[in-house]
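Each chain, letter by letter, is given below.
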Amino acid sequence: MSGTPLSAGFIPLVDAAPLVIAREIGFAEEEGIALSLVRAPSWSTLRDMVAFGQVDAAHMLSPVPVATALGLGGLGVRLDAVAVMSVNGNVIGVSQALAGRLRAAGHDFGFRDAVAAGRALVGAAGPGLRIGVPFPFSMHAELLYCWLGALGLRVPEEIDVRTVPPPLMARALAADEIDAFCVGEPWGSIAVEEGIGELLLPGTAIWAFAPEKVLAVRHDWSRSEPELAARLVRALWRAARWLTAPGTLSTASEVLARPEYLDMSAEVVERAMTGRLSIAPQGELRSVRRFLEFHDGAAGFPWRSYGDWIAARLAARTGLDRAAARAAGKRVFRTDLYRAALVPVGADLPGASEKVLGAIRVPTAVASPKGSLILQPDAFFDRSIFDPDTVG
Amino acid sequence: MPDRLTIVVVEKDRERALLIVESLRASGDHDIHVIGDEAGLARAISSRDPDLVLIDIASPSRDVLEELTLASAPMERPVAMFVDESDDALTRAAIQAGVSAYVVDGLRPARIKPIIDAAIARFQMFQQMRTELVATRRALEERKIIDRAKGLLMKAKGIDEDAAYALLRRAAMDQGRRVADVAEAIVTAAGLLS
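Note that the coordinates shown come from a computational prediction; the quantities given were computed from them, not determined experimentally.

**Q** Quick question: what am I supposed to make of the overall build of chain A here?
**A** The number of helices and strands found in chain A is 16 helices and 15 strands. Over its C-alpha atoms chain A spans a radius of gyration of 20 Å, differing by no more than 12% from the 21 Å that the globule rule assigns to 392 residues. Referenced to the eigenvectors of the C-alpha coordinate spread, the extents of chain A come out at roughly 60 × 45 × 40 Å. Restricting the contact set of chain A to residue pairs at least 6 apart, pairs at least 24 apart contribute 75%. For chain A, the accessible area works out to roughly 13500 Å², and carbon and sulfur atoms hold 51% of it. Taking the average place of the 38 positive charges on the side chains of chain A and the average place of its 42 negative ones, the gap between the two points comes to 4 Å.

What follows is the structure, given as structure tokens:
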């Protein structure tokens, strides 16, 4: 492998696929990048590795760079989200005991209806529902607050959201430290495989197009190395496009499953890649459209509105000034860099940098230079709308 | 004693934990607790209310500490520190900047002293800031009570603000008490009489 050396950190999750594929299938090399991948033990450590310059770029939970911009955790080093690395991909699961109570109360585990699943969950678990998430600043936490808040719980007060590292999630469930979890794959499927949990709902049932992971770099770095950043964005975009081509998912799953990446069975990895999940140890299958999306519907486009939405929610929970937080959140998502990287290779990108979130119910053509861009449904389950033009 | 820190060491390997504890003891008289089980870590740590948490950087449980540092007020965050290459000056600077988590070289006994020194420096800085904060808060509270007492006097005696304050000050001087104490007595009495 030849080219400019560049290191990127990742957490062993299925949605690290674009980085792994960029390296393994040669998209990084095509861009003249000798990409080395560093497996990180935790999100906070990975965030600090980027901040300290131990890696140039990182697979990152989309709320983390926004939280950092708001002074919530981190080293105060400004981070840029130069691309969205994956959309969706989370699952909500419950303990076997709770699943039994849900079934007894008549819930069908249809894996689709967030209102039915949420009401059943709140009814069966009672007050003080304990739910594990991988990190305090995560789409997992945001989805839970969105979901249970819209169903009438006072959030965050009425649910007990706890940080549990994903590799320990199944164990925490088995030890009755949590009743439920929201986690990225493969950890939900692993809880099912181990006979400890059942899956209740995919994240898509709460928000149909949720920006899950971003490619984050230091703001200083994107300023001093704009050309290298652009090459990395292109490599990632090509990798994501490759992942949507027919017949690549099995190969991708095999690559991801390797010891240096996820180090687990390719069959379990493939469930998330194909959106065909076993929701219970007995093997009940559910298929989920866009369970995990890397490319379609401009999935990689770092809409500034994502930063706006995340910041608005973090500010509301932590008591920060909303308007200032939202402005800071928007600045994190670098549509400008993404465009600069991809326009030269003819990618059809949205003409706008902001969009109303939650308004798209059916695939919709939008203004783009080539006119071929179709955005995918992005509705919230409660039909709420986030409008970037609203103030406060 | 302001230099005494409560330190929690999260380490599964018993021998390594003992080595760390030994070197911590060598660097001062600290209140040290070892947690060997990562299950229920958040509760185990918060029940100790530590000033400092030491955990291996390779542990995924570091993210649990992130939650803990957020749960407390920024001023009271435990300092959590981790393993990697770095120089002491940087460690010290980051800790003084209020960084709740910082990466340092290995949970190796030899490396622990500078960390503890830096943590003590931050601890003292925070104590000083806490003391100042308490003083400021108290001054604000007193200000409010004096204003209320003045208001009560103005209403009861039909005098203006300056006269009310003069009356308060004279009473304080006569009785050898602080203005704020006299004001508080007036406010309390008014509360009882109303």
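**Q** Looking at this model, I keep getting lost on the domain arrangement of chain A. Mind explaining?
**A** A common measure of how large an interface is: the accessible area buried when the components associate. Residue and element names in this part refer to chain A. In terms of domain boundaries, chain A breaks down into domain 1 (4-87 + 210-261 + 294-349) and domain 2 (90-208). A separation of 26 Å is found between the C-alpha centroids of domain 1 and domain 2. Listed per partner, the contact involves 20 residues of domain 1 and 18 residues of domain 2. Counting the surface domain 1 buries against domain 2, the share from its top three residues, Ala210, Trp309 and Arg317, is 31%. The interface formed by domain 1 and domain 2 contains two salt bridges. With its nearest N and O atoms 2.8 Å apart, the salt bridge here joins Arg317 to Glu142. Every element with two or more residues in the side of domain 1 that touches domain 2 is listed here: helix H3 (43-52), helix H4 (63-69), strand E10 (211-218) and helix H14 (304-318). The element contributing the most residues to the side of domain 1 that touches domain 2 is H14, with five residues. Residues that form the side of domain 1 that touches domain 2 fall into these classes: 14 nonpolar, two polar and four charged.

**Q** Looking at this structure, how should I read the pairing of strand E7 (residues 160-163) of chain A?
**A** Residue and element names in this part refer to chain A. On E7, burial follows the alternation: Val161 and Thr163 on one face are buried, whereas Asp160 and Arg162 on the facing-out side are not. In this structure, strand E6 (residues 130-133) lies alongside E7, joined through four bridges in parallel fashion. For Gly132, the partnering residue across the bridge sits in E7 and is Arg162. One crossover worth recording links E6 to the parallel E7 by way of helix H7 (residues 139-150), and it is right-handed.

**Q** Please explain the pattern of salt bridges as it appears in this structure.
**A** Side chains that differ in sign of charge can pair as their charged atoms come close. Residues and elements named next belong to chain A. By the definition in use, this model includes 39 salt bridges over all chains. Ionic pairing is found between Arg223 and Asp220, a salt bridge with its closest N-O pair at 3.9 Å. Taken together, the positions of Arg223 and Asp220, both in helix H10 (residues 219-224) and three residues apart, correspond to about one turn of that helix. What emerges from the salt-bridge pattern is a single network uniting Arg304, Asp308, Arg326, Lys330 and Glu354.

**Q** It is not clear to me how the packing of helix H12 (residues 249-257) of chain A against helix H13 (residues 266-274) of chain A should be interpreted in this structure. Could you clarify?
**A** The description of two packed helices rests on the angle between their axes and on the distance between the axes. Residues and elements named next belong to chain A. Following both chains from N to C, one finds H12 and H13 inclined at 130°, their axes separated by 8 Å at the closest point. Relative to H13, H12 is oriented oblique. Along this stretch, H12 crosses H13, giving a crossing that reads as right-handed. Contacts between H12 and H13 involve Leu249, Ser250, Ala252, Ser253, Glu254, Leu256 and Ala257 on the former and, on the latter, Ala266, Val269, Glu270, Met273 and Thr274. Its residues assigned to classes, the contact of H12 with H13 shows seven nonpolar, three polar and two charged.

**Q** Before we go on, may I ask you to explain the interface of chain A and chain B in this structure?
**A** Every contact between the two is made by 24 residues of chain A and, on the other side, 21 residues of chain B. With both sides pooled, the region where chain A packs onto chain B buries about 1900 Å², and carbon together with sulfur makes up 53% of that total. In terms of surface lost to chain B, no three residues of chain A exceed Pro41(A), Phe52(A) and Thr163(A), which account for 22% of the buried area on that side. For Arg171(A), the salt bridge identified is with Asp37(B), shortest N-O distance 3.1 Å. Here chain A and chain B share nine residue pairs in polar contact (both at pLDDT 80 or more) between them. Secondary structure elements with two or more residues in the side of chain A that touches chain B: H3 and E7 of chain A. The element that contributes the greatest number of residues to the side of chain A that touches chain B is H3(A), accounting for six residues.

**Q** Sorry if this is basic, but what is going on with the side chain of Thr204(A) here?
**A** Residue and element names in this part refer to chain A. Inspection of the secondary structure assignment puts Thr204 in the loop between strand E9 (197-202) and E10. You can call Thr204 buried: its relative accessible area is 14%. Other than its neighbours up to four places away in sequence, Thr204 contacts Asn88, Val288, Arg289, Arg290 and Phe291.

**Q** Explain the sheet that holds strand E13 (residues 292-293) of chain A here, please?
**A** Think of a sheet as strands paired side by side through backbone hydrogen bonds, with each pair either parallel or antiparallel. Residues and elements named next belong to chain A. In space, the six strands of this open sheet follow the order E2-E1-E3-E10-E4-E13, with mixed pairing throughout. Since the sheet does not close on itself, it has two edges, and those belong to strand E2 (33-39) and E13, each with one partner. In terms of strand pairing, strand E4 (residues 79-88) meets E10 through seven bridges, oriented antiparallel. Each residue of the ladder has a partner; that of Val84, found in E10, is Val214.

**Q** I would appreciate a short explanation of the environment of Pro63(A) in the present structure.
**A** Residues and elements named next belong to chain A. Turning to its location among the elements, Pro63 is positioned in helix H4. Judged by its relative accessible area of 0%, Pro63 is buried. Sequence-wise, Pro63 and Gly329 are 266 residues apart; in three dimensions their C-alpha atoms are separated by 9.2 Å. Not counting residues within four places of it along the chain, the set of residues in contact with Pro63 comprises Phe137, Ser138, Met139, Ile310 and Leu314.

**Q** What's the story with the nonpolar core in this structure? I'm lost.
**A** Generally speaking, nonpolar side chains in soluble globular proteins are found buried as a group. Residues and elements named next belong to chain A. Core analysis: the largest hydrophobic core is formed by 156 residues, its most contacted members being Leu35, Trp147, Leu200 and Met273. Taken together, domain 1 (4-87 + 210-261 + 294-349) and domain 2 (90-208) each give at least three residues to this core, which thus spans both. In this structure Trp147 touches Ile92, Ala114, Ala117, Gly118, Leu121, Leu200, Leu201, Ile206 and Phe381, once residues within four positions along its chain are discounted.

So, how was this worked out
- Residues numbered from 1 in each chain as written.
- Chains lettered and ligands numbered in written order.
- Predicted model: local features only at pLDDT ≥ 70, side-chain atom pairs only at ≥ 80, totals over all residues.
- Heavy atoms only, no water.
- Helix = DSSP H or I, 4+ residues; strand = E, 2+ residues; numbered from the N terminus.
- Rg over C-alpha atoms; globule rule 2.2 N^0.38 Å.
- Contact = heavy atoms within 4.5 Å.
- Areas by Shrake-Rupley, 256 points an atom, 1.4 Å probe, with all protein chains shown as cover.
- Lys, Arg positive; Asp, Glu negative; His and termini not counted.
- Charge placed at Lys NZ, Arg CZ, Asp CG, Glu CD.
- Domains from an automatic or database assignment.
- Buried area = accessible area lost by both parts, 1.4 Å probe.
- Salt bridge = Lys/Arg side-chain N within 4 Å of Asp/Glu carboxyl O.
- Nonpolar A, V, L, I, M, F, W, Y, C, P; charged D, E, K, R; others polar.
- Buried < 20%, exposed > 50% of the residue type's maximum accessible area, 1.4 Å probe, protein only.
- Pairing = 2+ DSSP bridges.
- Right-handed = clockwise from strand over helix to strand, strands pointing away.
- Axes fitted to C-alpha atoms, helices over the stretch in contact; angles between N-to-C directions.
- Parallel < 35°, antiparallel > 145°, perpendicular 65-115°, else oblique.
- Left-handed = near helix turned anticlockwise from the far one by under 90°.
- Polar contact = N/O pair within 3.5 Å; in protein donor to acceptor, adjacent residues only side chain to side chain.
- Core = buried A, V, L, I, M, F, W, Y, C linked by side-chain atoms within 4.5 Å.

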